[in-house]
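# Structure at a glance
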Protein chains: 2
Amino acid sequence: MPTFDQIVHAKAIQIGKLALRATTAAGSGHPTSALSLAHIVTQLMYRTMRWDPENPQHRGSDRLVLSEGHAVPIIYAACADIGVTFYPEGKPRLLTANDLMTLREISSPLDGHPNPRVGFPFFDAATGSLGQGLSVAAGLAAAAKVDHHGKSIFCIIGDAEAREGQIWEAMDFIAEHDLTSVVAIFNCNQHGQSDFVAPAQTTDTLAAKAEAFGWKALIVDGHDPTEVRNALKQRSEARVAEKPLAIIARTVKGWGAPSIQGPGHHAVSVSEQDLPKVLAELDATGMELGADAVQPSDLQRILRILPPLPVPHLHKAQRPASISEMAENQKLSEALETAKKLSPRRGFGLALSALGHSNPNVVGLDADMKNSTYSADFARHHQSHFFECRIAEQNMVSVAVGIAAGGKIPVASTFGKFLSRATNQIEMAILSGANIKLVGTHVGVTIGADGPSQMALTDVAFFRGMAHVTDHRGGPAITILTASDAVSAYVLTLEMVNWPSACYLRALRSDVPVLYQEHETFPFGKFKVLRKAMGTGKKLVIAACGYMVHSALKAAEELHGQNIEATVVDAYSLPMDTDELLQLAAAEGGAILTVEDCYTGGIGSEIAEAVARMAKNDRPRVESMAVRNLPKSGKTPEDVLAYCHLAVSDIVDKAKGLVG
Amino acid sequence: MPTFDQIVHAKAIQIGKLALRATTAAGSGHPTSALSLAHIVTQLMYRTMRWDPENPQHRGSDRLVLSEGHAVPIIYAACADIGVTFYPEGKPRLLTANDLMTLREISSPLDGHPNPRVGFPFFDAATGSLGQGLSVAAGLAAAAKVDHHGKSIFCIIGDAEAREGQIWEAMDFIAEHDLTSVVAIFNCNQHGQSDFVAPAQTTDTLAAKAEAFGWKALIVDGHDPTEVRNALKQRSEARVAEKPLAIIARTVKGWGAPSIQGPGHHAVSVSEQDLPKVLAELDATGMELGADAVQPSDLQRILRILPPLPVPHLHKAQRPASISEMAENQKLSEALETAKKLSPRRGFGLALSALGHSNPNVVGLDADMKNSTYSADFARHHQSHFFECRIAEQNMVSVAVGIAAGGKIPVASTFGKFLSRATNQIEMAILSGANIKLVGTHVGVTIGADGPSQMALTDVAFFRGMAHVTDHRGGPAITILTASDAVSAYVLTLEMVNWPSACYLRALRSDVPVLYQEHETFPFGKFKVLRKAMGTGKKLVIAACGYMVHSALKAAEELHGQNIEATVVDAYSLPMDTDELLQLAAAEGGAILTVEDCYTGGIGSEIAEAVARMAKNDRPRVESMAVRNLPKSGKTPEDVLAYCHLAVSDIVDKAKGLVG
């Protein structure tokens with residue numbers, strides 16, 4: 001009767017060989033990284049995890065996040081052996097060993113790195129840009145905690161990958177929020193891509209770091225089935241001690257096949273001619289370990305997948321309060337009635353509070369800025385639905401991805417500037433199709449005194465590229481929303497949360513006049529005409545967003561006095577319905593001036609691209625104003641706008657130059 | 001005779017009061033954070049550091065990096081007390097107490113956060129976007145190590161700030177490279193912006209973390225002059241132990257003034273009417289500590305600034321080898337002669353090697369990708385000038401900023417995708433005016449099999465916004481360079497290193513035909529015409545970059561067979577001289593098709609903006625092709641290009657639609 005160890009070795013070798021065949025067929029990939037995980041993946045997917053192979057996205061099941069995405073062939077191999085549902089050409093069927101031979105093909109859901117949106121929903125998020133998986137796991141655990149659900153989240157991290165600071169942001173976050181349903185498994189095969197790992201990423205150092213970060217750390221032999229099993233069992237003890245568990249697994253890159261071990265074998269697939277030799281080496285290793293004696297019946301006896309827990313209860317959302325109802329509570333109705341000044345960030349905060357009372361699926365995140373972003377009221381009154389992420393924006397964004405994958409609607413807020421700490425994480429969120437809501441406050445130069453280190457200036461250009469990408473839902477992969485007043489910020493926040501895809505809301509800091517009635521709607525992709533050119537003078541359209549809408553309105557007043565008539569557009573949404581804007585421009589003088597207080601690449605580019613696409617006749621001329629020098633501190637928004645050549649008088653001059 | 005402690009208390013209170021007055025005059029700022037550093041800054045700037053107040057940028061002097069930039073008023077106060085050279089309206093003079101009253105004004109070099117380029121060169125880099133300073137300090141130390149110079153680098157980090165993962169990337173980097181000239185001082189005042197710091201950022205936890213990261217950690221009372229002095233003295237012992245020193249300082253936010261201590265006082269300046277009371281509290285604290293007995297002569301006796309060390313020797317650069325000379329060494333001459341295929345990343349690697357032999361000021365950095373970026377040859381042969389940053393891109397970019405501030409030319413390479421880990425750090429580098437050279441390989445979708453997690457897609461849109469910003473040198477704050485073959489990659493790398501401002505070179509992965517002769521020059525801002533429309537058929541201009549130049553040439557061939565004549569432009573540089581391109585387009589058919597394999601926001605936007613600006617008559621029509629769906633893995637570049645509707649046939653169809 002073969003032992004437990006022999007049985008696990010047999011399965012590990014079986015899926016290891018499948019991973020080798022797949023990467024050889026693909027002509028690329030990471031067979032050696034895959035082999036270093038053969039036993040850990042066997043223990044997790046065949047014994048430890050509660051899940052349903054036929055329904056891999058089952059919301060009650062344990063989750064596995066492969067942070068070192070390049071090792072994915074070993075998971076594909078296990079899925080093919082088990083028979084997991086995937087979606088070739090969008091139609092579901094069970095993965096087979098033959099399907100593995102399509103690894104990395106353009107028509108195959110088996111991408112080079114985990115990529116759920118191309119048809120492999122076993123994964124909750126795209127990984128492969130390293131250092132992000134543990135944060136995604138933390139988000140999945142946070143969503144489960146909100147639901148009081150007992151699922152476990154396993155995350156596999158590479159040792160070289162553990163150099164990424166985001167890993168340590170996630171270690172802090174998980175420990176602080178007692179997310180003990182997360183188990184972090186460090187795969188220490190001692191090889192990075194170009195060299196051995198640094199002393200800072202060896203098993204002993206990683207264990208010492210994990211302990212210093214408040215985790216219980218266990219160092220095990222990652223190829224000893226009993227050690228791996230016993231380590232995973234200890235997560236219950238760790239939970240009692242209210243510490244998350246980190247398993248530091250000593251592994252061998254290219255385990256079982258000596259000819260592909262050691263330096264020089266990272267990301268190298270085995271050639272067709274070498275493959276038989278390497279497979280034979282694995283068989284020989286199996287014989288040494290007595291795995292050859294294992295019968296199918298032994299495998300069935302020991303390797304049984306446990307069913308998932310029941311799915312968490314789904315919560316119904318109610319109609320959120322109107323801004324005046326919220327404002328009443330906040331003693332701000334007067335501000336609205338009298339159109340006193342109120343900041344868009346305040347409008348966002350009010351809307352988030354309204355959602356807290358009406359929509360139990362909304363989960364708030366902030367990066368120690370909640371008293372500036374105005375998420376503080378939500379944080380105070382909905383503590384079970386709020387996770388303070390501290391000053392660690394990369395982790396916050398990837399946590400949001402995990403929360404979205406867990407069926408919730410994460411709203412993550414901080415200064416827009418600081419969201420640019422997490423652009424790579426945002427790109428991966430978009431690849432994942434994650435329905436996340438990002439809120440950047442203090443956008444543009446009008447924050448004034450704090451200076452450029454706090455100003456979001458590159459955000460629109462960065463997000464607009466993705467806003468012109470169509471996602472799996474058929475719409476923009478992300479929608480950029482810029483609020484010009486507190487009412488639009490309020491309404492846009494409510495609409496953003498109901499929108500099916502990712503959004504980025506820009507809510508500026510300054511108190512500005514209220515421009516809209518509270519029941520105004522802001523359809524995504526459209527714009528608002530706030531002032532119509534009148535009379536018979538020369539005409540132009542001024543398209544602006546955020547604070548610059550107010551400057552544009554002032555400029556229009558001055559221009560009116562000089563017999564130039566400006567139609568003022570609040571371009572609150574990107575991508576924009578430019579056809580409609582171009583019709584308006586054709587009717588209103590055939591000249592467009594765009595005004596933004598960020599760097600080049602926003603509505604100016606959006607409109608210029610549309611104009612340049614038009615057939616030659618009656619194309620409006622477009623001048624764009626944006627930030628084209630490096631800003632600095634100034635005591636007032638106007639000081640900094642003047643420094644950046646964006647004062648009302650600059651707009652007036654530019655408009656005159658355009659139509660004159 | 002007053003004690004040492006009494007004398008330091010007296011000075012700390014004196015500069016603390018100046019910081020208070022300055023922030024009250026500004027009506028904003030961080031007086032309480034400033035007071036928590038009063039003693040540490042006094043010890044550093046008046047006693048420990050070797051520097052020259054009249055020449056704060058002296059290259060032999062010790063450096064102070066204030067990572068928690070918001071605490072800057074205490075440094076300004078010390079500089080005003082000492083009389084440090086700054087540059088109001090660009091002219092040098094010594095800072096006075098009166099100048100402090102201009103804090104945060106638009107015309108003042110005293111920005112809300114350290115901002116050397118507005119006239120305060122005491123600082124080496126702009127800080128204030130948190131978590132970056134320790135990496136900058138590491139870069140300054142790395143530059144000093146290359147120069148065999150003995151300067152010390154002091155870095156002050158906030159406790160809440162220590163949540164940023166980049167801090168721990170820097171801790172690893174400094175320990176691994178034995179940069180023991182860096183002293184990290186954690187200012188533990190226990191208050192973040194919106195709350196007390198987390199348990200993970202308390203003094204004991206930070207000390208345990210620092211030790212786990214290979215540092216010697218000392219916990220001290222940050223307001224006890226003797227403890228602070230003795231802790232700083234221990235850096236020599238730490239160096240003997242080959243460990244960098246981390247001083248974990250217990251401090252009080254709002255030290256000396258009880259009425260502004262505790263929660264709610266972050267980022268709040270004292271009102272004019274409260275100021276006398278708060279100043280009186282500081283005086284009272286001084287009396288309790290016996291600081292009132294201190295005479296000017298005592299101050300002069302104890303607080304003497306030591307002069308800097310001699311400046312490091314400047315190294316002369318020689319003419320670098322030509323690519324064929326390098327290629328000869330690399331047995332690649334044949335590839336060039338026969339125009340065999342060669343990858344642009346390989347051209348970059350050859351150029352970096354040539355620079356290693358010819359320019360001792362070039363310092364190489366890579367993030368464990370050196371065998372893929374081809375910086376490996378430089379790393380092997382110029383070990384004293386190369387710093388392996390491992391998988392930690394944020395730290396790498398900020399280290400490059402420090403190396404540039406140290407007088408070297410950092411060339412930092414990794415996958416373009418992974419540079420988007422560090423966009424915020426790049427923005428801060430641009431604010432700093434840092435002359436850094438960033439190299440992103442594997443750009444665009446043509447990497448194929450590895451899939452979208454490894455593809456740089458947002459990079460051009462992000463960088464282009466800054467490329468349209470004019471920096472203090474009067475040119476583009478950053479120049480984007482895209483190599484379409486190995487020769488252009490080689491030449492652009494050499495030219496990039498001689499260019500005075502920041503550059504971002506995009507060097508794709510695939511082997512592509514060589515398009516240029518080795519002595520071709522590539523002036524920044526220009527473009528190359530690779531094929532001229534001929535004959536009498538319909539005409540258009542196709543502007544492309546990188547891999548898409550090759551697709552455009554193939555498309556032009558096909559179009560020629562269909563009586564459509566295409567002029568093909570290699571748009572290798574952004575910003576671009578669009579006037580010249582528009583003249584070319586006017587002469588060659590009045591239609592432009594742009595082709596890029598990244599997201600929207602690159603040369604398509606650049607050209608569309610120029611066209612839309614033109615007066616109405618004869619404006620060319622512009623169609624832009626870019627990546628507008630989410631890519632996936634495919635075995636060949638062509639597979640993925642077809643998936644993204646960027647195949648040669650797609651270009652042909654688009655061209656026909658444009659001119660037909």
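Residues numbered from 1 in each chain as written. Chains lettered and ligands numbered in written order. Predicted model: local features only at pLDDT ≥ 70, side-chain atom pairs only at ≥ 80, totals over all residues. Heavy atoms only, no water.

As a further point, take the overall build of chain A. When helices and strands are tallied, chain A shows 27 helices and 21 strands. Since a compact globule built from 660 residues should have a radius of gyration of about 26 Å, the 28 Å found for chain A is in line with a globular shape. Principal axes of the C-alpha set define a box for chain A whose edges measure 95 × 55 × 45 Å. Burial statistics for chain A: of 660 residues in total, 70% are counted as buried. The contacts of chain A with a sequence gap of at least 6 include a subset with a gap of at least 24, amounting to 78%. Accessible surface computed for chain A: about 19900 Å², of which carbon and sulfur atoms make up 51%. Charge separation in chain A, taken as the distance between the mean sites of 60 positive and 70 negative side-chain charges, equals 2 Å. (Helix = DSSP H or I, 4+ residues; strand = E, 2+ residues; numbered from the N terminus. Rg over C-alpha atoms; globule rule 2.2 N^0.38 Å. Buried < 20%, exposed > 50% of the residue type's maximum accessible area, 1.4 Å probe, protein only. Contact = heavy atoms within 4.5 Å. Areas by Shrake-Rupley, 256 points an atom, 1.4 Å probe, with all protein chains shown as cover. Lys, Arg positive; Asp, Glu negative; His and termini not counted. Charge placed at Lys NZ, Arg CZ, Asp CG, Glu CD.)

Attention now goes to helix 11 (residues 275-288) of chain B. Residues and elements named next belong to chain B. The end-to-end C-alpha separation of helix 11 is 20 Å, in line with the 20 Å expected for 14 residues at 1.5 Å each. For helix 11, every residue scored as buried is listed here: Leu275, Val278, Leu279, Glu281, Leu282, Thr285 and Gly286. Projected down its long axis, helix 11 carries its buried residues within an arc of 150 degrees, all on one side. Summarising the geometry of helix 11, the exposed residues directed more than 90 degrees from the buried face are Pro276, Met287 and Glu288. Lining the buried residues of helix 11 we find helix 1 (4-26) and helix 2 (31-36). Positioned one or two residues after helix 11, Gly290 has a phi angle of 75 degrees, which is positive. (Expected span 1.5 Å × (residues − 1). Arc of directions from axis to C-beta.)

Turning to the interface of chain A and chain B, a few remarks are in order. Listed per partner, the contact involves 113 residues of chain A and 112 residues of chain B. Across the interface of chain A and chain B, roughly 9100 Å² is buried in total on both sides, 50% from carbon and sulfur atoms. Across the chain A-chain B interface, the total number found is 16 salt bridges. Counting across the interface, chain A meets chain B through 81 residue pairs in polar contact (both at pLDDT 80 or more). The element that contributes the greatest number of residues to the side of chain A that touches chain B is helix 20 (residues 423-431) of chain A, accounting for 7 residues. (Buried area = accessible area lost by both parts, 1.4 Å probe. Salt bridge = Lys/Arg side-chain N within 4 Å of Asp/Glu carboxyl O. Polar contact = N/O pair within 3.5 Å; in protein donor to acceptor, adjacent residues only side chain to side chain.)

We now examine the packing of helix 20 of chain A against helix 21 (residues 459-467) of chain A. Residue and element names in this part refer to chain A. Two elements in contact, helix 20 and helix 21, have axes separated by 11 Å at closest approach and are oriented at 15 degrees. What the angle tells us is that helix 20 and helix 21 run roughly parallel. Here the hand of the crossing between helix 20 and helix 21 comes out right-handed. On the side of helix 20, the interface is formed by Thr423, Ile426, Glu427 and Ile430, while helix 21 contributes Phe462, Phe463 and Met466. Taken together, the residues that form the contact of helix 20 with helix 21 break down as 5 nonpolar, 1 polar and 1 charged. (Axes fitted to C-alpha atoms, helices over the stretch in contact; angles between N-to-C directions. Parallel < 35°, antiparallel > 145°, perpendicular 65-115°, else oblique. Left-handed = near helix turned anticlockwise from the far one by under 90°. Nonpolar A, V, L, I, M, F, W, Y, C, P; charged D, E, K, R; others polar.)

Turning next to the relation of the copies chain A and chain B. When chain A is brought onto chain B, the operation consists of a screw motion whose angular component is 180 degrees and whose axial shift is 0.0 Å, with 0.0 Å RMSD remaining. What we have between these two chains is a two-fold relation. Residue Gly165 of chain A of chain A places its C-alpha closer to the rotation axis than any other residue of that unit, at 1.8 Å. In this assembly the copies share their binding face: 99% of the residues contributing to the interface of chain A also contribute to that of chain B. (Least-squares fit on C-alpha atoms with pLDDT ≥ 70 in both.)

Glancing now at the environment of His381 of chain B. Mapped onto the fold, His381 of chain B is located in helix 17 (residues 376-381). Look at His381 of chain B and you get partly exposed, because its relative accessible area is 47%.

With that settled, the discussion passes to the sheet that holds strand 17 (residues 538-544) of chain A. All names here are of chain A. With mixed pairing, the 5 strands of this open sheet are ordered in space as 16-18-17-20-21. Because the sheet does not close on itself, it has two edges, and the strands there are strand 16 (528-531) and strand 21 (621-625). Averaged over all pairs of adjacent strands, the angle between strand axes in this sheet comes to 25 degrees, irrespective of strand direction. On top of the sheet, helix 23 (residues 547-560) reaches strand 16, strand 17, strand 18 (564-570) and strand 20 (591-595); it is set at about 165 degrees to strand 18, its chief contact. The sheet strands contacting helix 27 (residues 648-659) are strand 17, strand 18, strand 20 and strand 21, and the helix crosses strand 20 at an angle near 155 degrees. (Pairing = 2+ DSSP bridges.)

A separate point is the state of the cysteines. Residues and elements named next belong to chain B. Applying the stated criterion across every chain yields a total of 0 disulfides over all chains. For Cys188, which is in no disulfide, the shortest distance to another cysteine sulfur is to Cys155 and amounts to 13 Å. For Cys188, a relative accessible area of 1% puts it in the buried group. No disulfide involves Cys503; its nearest neighbouring cysteine sulfur is the one of Cys545, lying 16 Å away. In this structure Cys503 comes out as buried when scored by relative accessible area, which is 0%. (Disulfide = S-S within 2.5 Å.)

Attention shifts here to the packing of aromatic side chains. Within the structure shown, the criterion is met by 31 aromatic pairs over all chains. Relative to Phe213 of chain B, the ring of Phe213 of chain A lies with its centre 6.3 Å away and its plane at 45 degrees, an arrangement referred to as tilted. Residue Phe213 of chain A is found in the loop between helix 8 (203-212) and strand 6 (216-221), and its partner Phe213 of chain B is found in the loop between helix 8 (203-212) and strand 6 (216-221); the two belong to separate chains. The burial state of Phe213 of chain A is the same as that of Phe213 of chain B; both residues are buried. Relative to Phe463 of chain B, the ring of Phe462 of chain B has its centre 5.1 Å away and its plane inclined at 75 degrees; by these criteria the two rings are edge-to-face. (Phe/Tyr/Trp six-rings, centres within 6.5 Å; stacked < 30°, edge-to-face > 60°.)

All names here are of chain A. With an omega of 0 degrees, the peptide bond between Leu574 and Pro575 qualifies as cis. When you line up the elements, Pro575 lands in the loop between strand 19 (573-574) and helix 24 (578-587). The backbone of Ala267 sits at a positive phi, close to 60 degrees, despite the residue not being glycine. Tracing the sequence through the fold places Ala267 in the loop between strand 7 (245-250) and helix 11 (275-288).

Moving on, we get to the pattern of salt bridges. Residues and elements named next belong to chain A. With the rule as written, the count across this model stands at 60 salt bridges over all chains. The residue Asp124 makes a salt bridge to Arg63 at a minimum N-O spacing of 2.8 Å. Here the residue Asp124 occupies a position in the loop between helix 5 (97-100) and helix 6 (133-146), and Arg63 occupies one in strand 1 (residues 63-66), the gap between them amounting to 61 residues. Owing to a relative accessible area of 4%, Arg63 belongs among the buried residues under this scheme.

A few words now on the sheet that holds strand 7 of chain A. Residue and element names in this part refer to chain A. Pairing is parallel in the open sheet, where 5 strands are placed in the order 1-4-5-7-6. Single-partner strands in this sheet number two, and they are strand 1 and strand 6. Looking at each pair of strands side by side, their axes are set apart by 20 degrees on average, direction ignored. Strand direction decides the pairing type here: strand 4 (residues 153-158) and strand 5 (residues 182-188), joined by 6 bridges, are parallel. Each residue of the ladder has a partner; that of Gly158, found in strand 5, is Asn187.

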